[in-house]
Amino acid sequence: MAYSEKVIDHYNNPRNVGALPKDDDNVGTGLVGAPECGDVMKLQIKVNAETEIIEEAKFKTFGCGSAIASSSLATEWVKGKTIAQALEIKNTDIVKELSLPPVKIHCSVLAEDAIKAAITDYKKKHQ
Amino acid sequence: MKLPIYMDNHATTPLDPRVLDAMMPYLTDKFGNAASRNHQFGWDAEAAVEDARKQIALLIGADPREIVFTSGATESDNLALKGVAGMYREKGNHIITCVTEHKAVLDSCKHLEKEGCRITFLPVNDKGFISLDELRNAITDKTILISIMTANNEVGVVQDIQAIGKIARERGVLFHTDAVQAAGKIPFNVNDMNVDLASLSAHKMYGPKGVGALYVRRRNPRVLLTPIIDGGGHERGMRSGTLNVPGIAGFGKAAQIAREDLSQEMTEMFRLRERLRATLERELDEVYINGDLEKRLPGNLNMSFAYVEGESLLMGIHDIAVSSGSACTSASLEPSYVLKALGVGEDLAHTSIRFGLGRFNTDEEVDYVATRVIEVVRRLRDLSPLYEMAKEGIDLKSVHWAAE
């Protein structure tokens, strides 16, 4: 299978790899996928409680090149956005940006789920 | 050293230059049809085919008249299974095979199931072996055929063919083996092993693609087959169709080289494989060999690199040609059914890589492959949430995964 240049770029130079302290009140963590399915994404956001702007985002992904690229791109996109804006990111935007083929669409779905899961986790801490 | 490096010799092997030389005359001046009995062109072609038949027979300890040429091992498997099922319909309708067989055998069996045959798919243990007791118990008075492959194409595990052949002979059941990965790689003799039918392929032994053979025993017992391709009655009526003379000439040369160099090549494949395995195991933690390590093709290494998804690993070593058991590399989205049958968890199946060493691999290539794999596995583990969790002491099996 041929990968798009953008997928290869994210795979070779993944943005925002790492971890944020998950017990920090301002950090939301999303862990989606399953090892049996061949994809697990962990996406973390650090939110400014005043402005609700996502100031930092980190990820780690177990999965194919497209899964790595989707989550790397997701961290780039959420950074600087408010959580309301981040919730508007759709998997189809990721598909388009990375030119993912049909068999890899689930990678983008997982990345969208990871963003949502991280925001849900953050919101839970601020109820 | 030339890049990319080819280390996927279970999928296919490069053509040996000596084989190409043997084929060349039949692709050029000697273009005759081996079935043309009345002129020099036909005689030359026929002589080449008969010489090749002899070489292939020699490789497996058979009589040349027991070799039927086909288009490849998929056809050989189809002919063996469907041909026996058709010919021995009066005697019975039960076939015994095994879950880790090649799709050519499994799908032929499923086809026959639809036509009224009963198929027993024997399981394998975690090393990849069938149980001889289960095989014995599966045989009924309706059993006409046992089909168990000699060496597996994914994990390289070599079944106890001699013992299986003995059981089949004692019970009066025909025995077919898909010997595609074994013939020319390890000792394989149809008489020592009581094999009645064996599928062979040229392109797995440094010959050309598009040509294979089926060994069909002529004596004690004489095996008869219903043909699956009708036509001019070539190959003793078992396989009609004009013979692929250049392909067959190449197959013969490939078989000759494989036979003459067998023991030397086995030693060399084993040495290279062990060099690769030792380096990977020394430098990386949590790597697992899939399948038994002892009774195994010398050139096969199938390894799981925990916490690193196979396709992403392949992407990182794009200048090296190997295969992955990961779902992502196949169209089916299911990880390898062979690894699953061995009880390898789907999580680890997704992280498996098959290295297939061959005649033309060198120490330098093995070292380069090892270095690249180690480098990429380390990089991807730094990127893997699973590796991070495992290092924190979290039992991944106890995690409630959102996707489940």
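This section reports on the structure supplied with the text. A quick note: this is a predicted structure, and the numbers were derived from the prediction, not measured. (Residues numbered from 1 in each chain as written. Chains lettered and ligands numbered in written order. Predicted model: local features only at pLDDT ≥ 70, side-chain atom pairs only at ≥ 80, totals over all residues.)

A word on the interface of chain B and chain A
So, point 1. Contact with chain B, which involves 21 residues of that partner, is made by 21 residues of chain A.
So, point 2. Residues belonging to the side of chain B that touches chain A are distributed by class as follows: eleven nonpolar, four polar and six charged. (Contact = placed C-beta atoms within 7 Å. Nonpolar A, V, L, I, M, F, W, Y, C, P; charged D, E, K, R; others polar.)

Overview of the sheet that holds strand β7 (residues 197-201) of chain B
All names here are of chain B.
So, point 1. In space, the seven strands of this open sheet follow the order β2-β8-β7-β6-β5-β3-β4, with mixed pairing throughout. A strand with exactly one partner marks an edge of an open sheet, and here the two such strands are β2 (67-70) and β4 (118-122). Between one strand axis and the next, the sheet turns through 20° on average, direction left out of account.
So, point 2. Summarising the sheet, β2 and strand β8 (residues 212-216) pair through four bridges and their orientation is antiparallel. From the neighbouring strand, Thr70 faces β8, where its bridge partner is Gly212.
So, point 3. Sitting on the sheet, helix α2 (residues 40-60) touches β2, β7 and β8, and the angle it makes with β2 is about 115°.
So, point 4. Lying on the sheet, helix α4 (residues 103-114) is in contact with β3 (94-98), β4, β5 (143-147) and β6 (174-178); it crosses β3 at an angle near 155°. (Pairing = 2+ DSSP bridges. Helix = DSSP H or I, 4+ residues; strand = E, 2+ residues; numbered from the N terminus. Axes fitted to C-alpha atoms, helices over the stretch in contact; angles between N-to-C directions.)

Comments concerning the packing of α2 of chain B against helix α7 (residues 245-260) of chain B
All names here are of chain B.
So, point 1. Look at α2 against α7: their axes get within 8 Å of each other, and the N-to-C directions meet at 30°. α2 and α7 meet at a crossing whose hand is left-handed. Contact residues: Ala45, Ala48, Val49, Asp51, Ala52, Gln55, Ile56, Leu58 and Leu59 in α2; Val245, Ile248, Ala249, Phe251, Gly252, Ala255, Gln256, Ala258 and Arg259 in α7.
So, point 2. Among the residues forming the contact of α2 with α7, the class breakdown is 13 nonpolar, three polar and two charged. (Left-handed = near helix turned anticlockwise from the far one by under 90°.)

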